[in-house]
Amino acid sequence: MTDSHAPVRPDRRAELAAGLARVRSRIADACAAAGRDQGEVTMIAVTKTYPAGDVVALVGLGVTDVGENRDQEAAGKAAEVAAAGVTPRWHFIGQLQRNKAKSVVRYADVVQSVDSVRLARALDAASAAGRDRPLDVLVQVSIDGDAARGGALPGSADPDAGLDPVAEAVVGADGLRLGGLMAVAPLGWEPERAFARLAEVAAAFRARHPEATVLSAGMSGDLEMAIRYGATHVRVGSALLGMRPTLR
Ligand SMILES: *Cc1c(COP(=O)(O)O)cnc(C)c1O
């Protein structure tokens, strides 16, 4: 990270511009195929493992929303980006330990990965102490019901990890604002099956929480299918910035 606040080199900027053009055109095509307006879908650039300079360059190219999945990396990067005078909307999209809540609420505009009542409470307390306005929160849902891989469980009465208890905890928290749902297609599922199932969960959820309109779903490999099934936000990393050196 030594020279990570240096502006990106022109060749990197051109690479990012080309990646962005490709992703934007995929989103436009997917919206057209689904009969949806392109303005309904926000692209979040997932910049994990990439330096602050890439974030600054992407914002210069018109990106408004950025996603990170590790607090330690994101906190420093957000500070560097802010020091460069650039203020994207930061989405925290990774598994979050409760002891990191205090740090995350300082730079995140949205936490997309809230999947337990205990985490919602920790974020609420941290938000009340460390922010001047409520934190936007998405409840991460498990599409396959495998609690081990994260995500609240639709239809479960589990008092900590059931989708309804988690949503109620967010709604009842002064420091939090319920924005909607987030999900990752489970490994080994066809994207269509995963996002069709998610769309059912989202429809039922919206009937109970009409104000919670966000559906964050779809990544580099499956964004078209997610858009077909109603995603309002897609989280795109490798198709935009390149393959990450290690899987994480
Ligand atoms: C890394 C990550 C993404 C982006 O994945 P790509 O396949 O690189 O587009 C999206 N969502 C989450 C939760 C991630 O951790």
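Residues numbered from 1 in each chain as written. Predicted model: local features only at pLDDT ≥ 70, side-chain atom pairs only at ≥ 80, totals over all residues. Heavy atoms only, no water.

Named according to an unreviewed UniProt entry, the chain is Pyridoxal phosphate homeostasis protein originating from Micromonospora thermarum. Looking at the chain in UniProt, the text filed under Function (unreviewed entry) is "Pyridoxal 5'-phosphate (PLP)-binding protein, which is involved in PLP homeostasis." (UniProt positions renumbered as here; feature names shortened; annotations may be inferred.)

Looking now at the overall build of the chain. If you tally the helices and strands in the chain, you get nine helices and eight strands. The C-alpha atoms of the chain give a radius of gyration of 17 Å, which matches the 18 Å a tight globule of 248 residues would have. Across its three principal axes, the chain shows a C-alpha extent of roughly 55 × 45 × 30 Å. Within the span of the chain, comprising 248 residues, buried residues form 50% of the whole. For the chain, the proportion of contacts with a sequence separation of at least 24, taken over those separated by at least 6, is 63%. For the chain, the exposed surface amounts to about 11,500 Å²; the carbon and sulfur share of it is 52%. Side chains of the chain carry 29 positive and 30 negative charges; the gap between the two charge centres is 3 Å. (Helix = DSSP H or I, 4+ residues; strand = E, 2+ residues; numbered from the N terminus. Rg over C-alpha atoms; globule rule 2.2 N^0.38 Å. Buried < 20%, exposed > 50% of the residue type's maximum accessible area, 1.4 Å probe, protein only. Contact = heavy atoms within 4.5 Å. Areas by Shrake-Rupley, 256 points an atom, 1.4 Å probe, with all protein chains shown as cover. Lys, Arg positive; Asp, Glu negative; His and termini not counted. Charge placed at Lys NZ, Arg CZ, Asp CG, Glu CD.)

This brings us to the packing of aromatic side chains. Counted by the stated rule, this structure contains zero aromatic pairs. Above the ring of Trp 189, the side-chain terminus of Arg 193 is found at 3.7 Å from the ring centroid. (Phe/Tyr/Trp six-rings, centres within 6.5 Å; stacked < 30°, edge-to-face > 60°. Lys NZ or Arg CZ within 6 Å of the ring centre and 35° of its normal.)

Around the ligand lies a shell formed by Val 46, Lys 48, Ile 93, Met 219, Ser 220, Arg 235, Val 236, Gly 237, Ser 238 and Arg 244. In the model, an oxygen atom of the ligand is placed 2.7 Å from a nitrogen or oxygen of the Lys 48 side chain. With respect to the ligand, the side chain of Arg 244 contributes an N or O atom lying 2.8 Å from an oxygen atom. The class makeup of the residues in the shell around the ligand is four nonpolar, three polar and three charged. (Near = heavy atom within 4 Å. Polar contact = N/O pair within 3.5 Å; in protein donor to acceptor, adjacent residues only side chain to side chain. Nonpolar A, V, L, I, M, F, W, Y, C, P; charged D, E, K, R; others polar.)

Glancing now at the packing of helix α2 (residues 52–60) against helix α3 (residues 71–83). If you want to describe how two helices pack, look at the angle between their axes and the distance between the axes. Packing of α2 against α3 leaves a shortest axis separation of 9 Å and a crossing angle of 50°. Taken together, the axes of α2 and α3 are oblique relative to one another. In this structure, the crossing between α2 and α3 has a hand that is right-handed. Residue-level inspection shows Ala 52, Val 55 and Val 56 of α2 in contact with α3, the latter providing Lys 77, Glu 80 and Val 81. In terms of residue class, the contact of α2 with α3 is made up of four nonpolar, no polar and two charged. (Axes fitted to C-alpha atoms, helices over the stretch in contact; angles between N-to-C directions. Parallel < 35°, antiparallel > 145°, perpendicular 65-115°, else oblique. Left-handed = near helix turned anticlockwise from the far one by under 90°.)

Moving on, we come to the environment of Ser 116. Within the fold, Ser 116 resides in the loop between β4 (110–114) and α5 (117–130). Along the sequence, Ser 116 and Pro 10 sit 106 residues apart, while their C-alpha atoms lie 44 Å from each other. If near-sequence neighbours (up to four positions away) are discounted, Ser 116 is found in contact with Asp 160 and Val 166.

A separate point is the pattern of salt bridges. Side chains bearing opposite charge may pair, as long as their charged atoms lie close to each other. A complete count under the given rule lists 17 salt bridges for this structure. The salt bridge involving Glu 224 is made with Arg 26; its shortest N-O contact spans 2.8 Å. With Glu 224 in helix α8 (residues 223–228) and Arg 26 in helix α1 (residues 10–34), this residue pair connects regions lying 198 residues apart in the sequence. Notably, a salt bridge pairs Arg 36 with Glu 40, separated by 3.0 Å at the nearest N-O pair. For Arg 36, a relative accessible area of 17% translates into the label buried. Linked by salt bridges that have partners in common, Asp 65, Arg 89, Asp 136 and Arg 177 make up one network. (Salt bridge = Lys/Arg side-chain N within 4 Å of Asp/Glu carboxyl O.)

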